[in-house]
Amino acid sequence: MLLVVQRCKSAEVVVSKKIITKIKFGLVLLLGIEKKDTLEDVLFLVNKVTSLRVFNDDNDKINLSINNVKGSILVVSQFTLCGDTTKGRRPSFINSAEPAKAKKLYDNFISELKRKGIKCKNGAFGAHMELKLNNDGPFTLILNSNK
C-alpha cells in the first residue's frame, strides 16, 4: 500500500464541475492499493500517518502530528500510484488491486482514521476527480506499508 502525504493549507475535490468535499488546514493523502494489500497494511499506514510529526511547533520545529494541530485529512484513492513504469512507455497497472478489494480497503482506511478521532473527508472512489490543493511547504512524503 502506497501513501503520498501532502501538508496543506486547504484542499478540495471536484467531480463533474461540483465541489464534493473540502478541508482547511491538514493533510491530503493519495492512497494506492495493491493486490497484495490487507487490513494490516491499512492499520500500519493509519498509525504511521496519524503519528507523523510533520507540522511546525511554536519554535518552527517540525514536531507536531495531525492530532496535535487538530487538522483534517482528505483521502483520495489513486490507483495510478501502483503503476509500474520499468518497461516500455505506458504504465502497467497489473499490481493494482481489483476495484472491489480496493474500495473495501479504502473504506477501512477512512473508517480507521475516523475511529482515531481524525476529522476525515474523502474523494469519490473510482471517479474522475480534480484535486485542488494549496500545498503548505511544499511538504510531501511517500509511505509504503511494504518496507
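Parameters at a glance
- Residues numbered from 1 in each chain as written.
- Predicted model: local features only at pLDDT ≥ 70, side-chain atom pairs only at ≥ 80, totals over all residues.
- Heavy atoms only, no water.
- Core = buried A, V, L, I, M, F, W, Y, C linked by side-chain atoms within 4.5 Å.
- Buried < 20%, exposed > 50% of the residue type's maximum accessible area, 1.4 Å probe, protein only.
- Helix = DSSP H or I, 4+ residues; strand = E, 2+ residues; numbered from the N terminus.
- Phe/Tyr/Trp six-rings, centres within 6.5 Å; stacked < 30°, edge-to-face > 60°.
- 1 Å grid on protein atoms, 1.4 Å probe; cavity = no way out; pocket = protein on both sides within 12 Å on 5 of 7 lines; lining within 4 Å.
- Points joined across faces, edges and corners; volume = space filled by probe spheres on them.
- Nonpolar A, V, L, I, M, F, W, Y, C, P; charged D, E, K, R; others polar.

*Asks:* Please set out the nonpolar core residue by residue, giving values where relevant.
*Replies:* Core analysis: the biggest nonpolar cluster contains 28 residues, and L3, L27, L29, V75, F109 and L113 have the highest contact counts within it. Taken together, the elements giving at least two residues each to this core come down to strand 1 (2-15), strand 3 (26-32), helix 1 (39-51), strand 6 (72-77), helix 3 (99-115) and strand 8 (130-144). Ranked by residues supplied to this core, first place goes to helix 3 with 6 residues. Ranked by size, the runner-up nonpolar core spans 11 residues in total, among them A11, V15, V28 and V76.

*Asks:* Mind laying out the packing of aromatic side chains, listing which residues take part and the relevant values?
*Replies:* Enumeration over the complete set of coordinates arrives at 3 aromatic pairs. Note on F25 and F55: the rings are 5.1 Å apart at their centroids and 55 degrees apart in plane angle, and the pair reads as tilted. Remark: F55 occurs in strand 4 (residues 55-56) and F25 occurs in the loop between strand 2 (18-23) and strand 3; sequence separation between them is 30 residues. Judged by its relative accessible area of 34%, F25 falls in the partly exposed class.

*Asks:* Report on the layout of surface pockets, specifying residues and quantitative values.
*Replies:* By volume, the largest pocket is sized at about 340 Å³. Residue lining of the largest pocket: 20 residues in total, with S77, Q78, F79, T80 and G126 positioned closest to the centre. Of all the secondary structure elements, the ones that give two or more residues to the lining of the largest pocket are strand 3, strand 6, helix 3 and strand 8. When residues of the lining of the largest pocket are assigned to their parent elements, the largest contribution, 3 residues, is made by strand 3. The class makeup of the residues in the lining of the largest pocket is 12 nonpolar, 7 polar and 1 charged.

*Asks:* Which residues make up unusual backbone geometry, and what values go with them?
*Replies:* The linkage connecting G137 with the following residue, P138, adopts the cis geometry, with an omega of -10 degrees. For P138, the position within the fold is in strand 8. We note that K17 has phi near 65 degrees; this positive angle belongs to a residue other than glycine. With respect to the helices, strands and loops of the structure, K17 is situated in the loop between strand 1 and strand 2. For K17, a relative accessible area of 80% puts it in the exposed group. Here the phi dihedral of K70 falls at roughly 55 degrees; this positive angle occurs in a residue that is not glycine. Looking at the secondary structure, you find K70 in the loop between helix 2 (66-69) and strand 6.

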